[in-house]
Amino acid sequence: MHYKERNAAVHLCNSLTLLFRTAGERPLVFVCIGTIKASGDALGPMIGTLLQDSELKNTHIYGTIKEPVHALNLQDTMQEIYEKYTDPFIVAIDASLGHLHHIGYIQLVEGPLFPGNSMKKSLPQIGDIHIKGIVNTTGPYNYMMLQNANEKSVRNMAKTIATALFNASALIEKNVKKAADHVV
């Protein structure tokens, strides 16, 4: 779906809620990949920062504007996550390049993300599910395409994705609390 579509955050939230339910009791970990050195690549850290500022209690966020997760520290970050949490349910979030008519689209995919693919980087695949925001077109110089992405569009896409992640996480948190209250 395109981030400008009416109710895009609601539709994304509904899909995420279904996927989060499959996680059961597993810790929910968001890995927001990118750097603010390029406007397009800032999508992940923007989302991480928006989520970090929220009041969610049962989610763990890696990758913010102040502490980004990128190619140089991704492997160490993943090792830290697996040492800290038992069987985490990982949601990988990253910017992506695509065809001109796909700019602005958000993709939610079951299965791992292959970060740095468009930049020809060999990084570990991560995530039980992943979200990609298409921020610009592919081209002969993909790094330049990430740098030249429309910053306002990237920021608005980040808000849409963060809203959906927050609401889906809050719904799951509420349902877990309800279930725990019925057990007592």
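Cut-offs and rules
- Residues numbered from 1 in each chain as written.
- Predicted model: local features only at pLDDT ≥ 70, side-chain atom pairs only at ≥ 80, totals over all residues.
- Heavy atoms only, no water.
- Helix = DSSP H or I, 4+ residues; strand = E, 2+ residues; numbered from the N terminus.
- Rg over C-alpha atoms; globule rule 2.2 N^0.38 Å.
- Buried < 20%, exposed > 50% of the residue type's maximum accessible area, 1.4 Å probe, protein only.
- Areas by Shrake-Rupley, 256 points an atom, 1.4 Å probe, with all protein chains shown as cover.
- Lys, Arg positive; Asp, Glu negative; His and termini not counted.
- Charge placed at Lys NZ, Arg CZ, Asp CG, Glu CD.
- Salt bridge = Lys/Arg side-chain N within 4 Å of Asp/Glu carboxyl O.
- Core = buried A, V, L, I, M, F, W, Y, C linked by side-chain atoms within 4.5 Å.
- Contact = heavy atoms within 4.5 Å.

Asker: Help me understand the overall build of the protein chain, please; the structure alone is not making it clear to me.
Answerer: Counting its secondary structure elements, the protein chain contains 5 helices and 5 strands. Its helices and strands in sequence order give the protein chain the pattern α-β-α-β-α-β-β-β-α-α, from N to C terminus. Over its C-alpha atoms the protein chain spans a radius of gyration of 16 Å, differing by no more than 12% from the 16 Å that the globule rule assigns to 184 residues. Taken along the three principal axes of its C-alpha coordinates, the protein chain extends 60 × 40 × 25 Å. By residue count, 46% of the 184 residues in the protein chain fall in the buried class. Of the roughly 10100 Å² of accessible surface on the protein chain, 52% is carried by carbon and sulfur atoms. Charged side chains of the protein chain number 17 positive and 16 negative; the gap between the two group centres comes to 8 Å.

Asker: In this structure, what is going on with the pattern of salt bridges? I would like to understand it.
Answerer: Side chains bearing opposite charge may pair, as long as their charged atoms lie close to each other. Evaluation of the coordinates by the stated rule reveals 3 salt bridges. One salt bridge in this structure joins Asp128 and Arg26, with 3.3 Å as the shortest N-O distance. Residue Asp128 is located in the loop between β4 (106-110) and β5 (129-137), and its partner Arg26 is located in the loop between α1 (8-21) and β1 (28-32); the two are separated by 102 residues in the primary sequence. Since its relative accessible area comes to 28%, Asp128 is described here as partly exposed. Between Arg155 and Glu151 there is a salt bridge, with its nearest N and O atoms 3.5 Å apart. Note that Arg155 and Glu151 are positioned in helix α5 (residues 151-183) at a spacing of 4 residues, about one turn of the helix. Given a relative accessible area of 35%, Arg155 falls into the partly exposed group.

Asker: Help me out: how do you make sense of the nonpolar core in this one?
Answerer: Side chains that are nonpolar tend, in soluble globular proteins, to be buried together. In this structure, Phe20, Ile47, Val91 and Leu165 are the most contacted members of the largest nonpolar core, which totals 36 residues. Only α1, β1, α2 (43-52), β3 (89-98), β5 and α5 provide two or more residues apiece to this core. A total of 9 residues in this core trace back to one element, the largest contributor, which is α5. Apart from the residues within four sequence positions on either side, Phe20 is in contact with Leu28, Phe30, Phe89, Val91, Ile129, Leu165, Ala168, Ser169 and Ile172. In terms of nonpolar packing, the next biggest core, distinct from the first, is built from 13 residues, Met78, Ile81, Ile90 and Leu113 among them.

Asker: So what exactly am I meant to see when it comes to the side chain of Ser96 here?
Answerer: Position of Ser96 among the secondary structure elements: in strand β3. Setting aside residues up to four positions removed in sequence, Ser96 forms contacts with Lys132, Gly133, Ile134, Val135 and Asn136.

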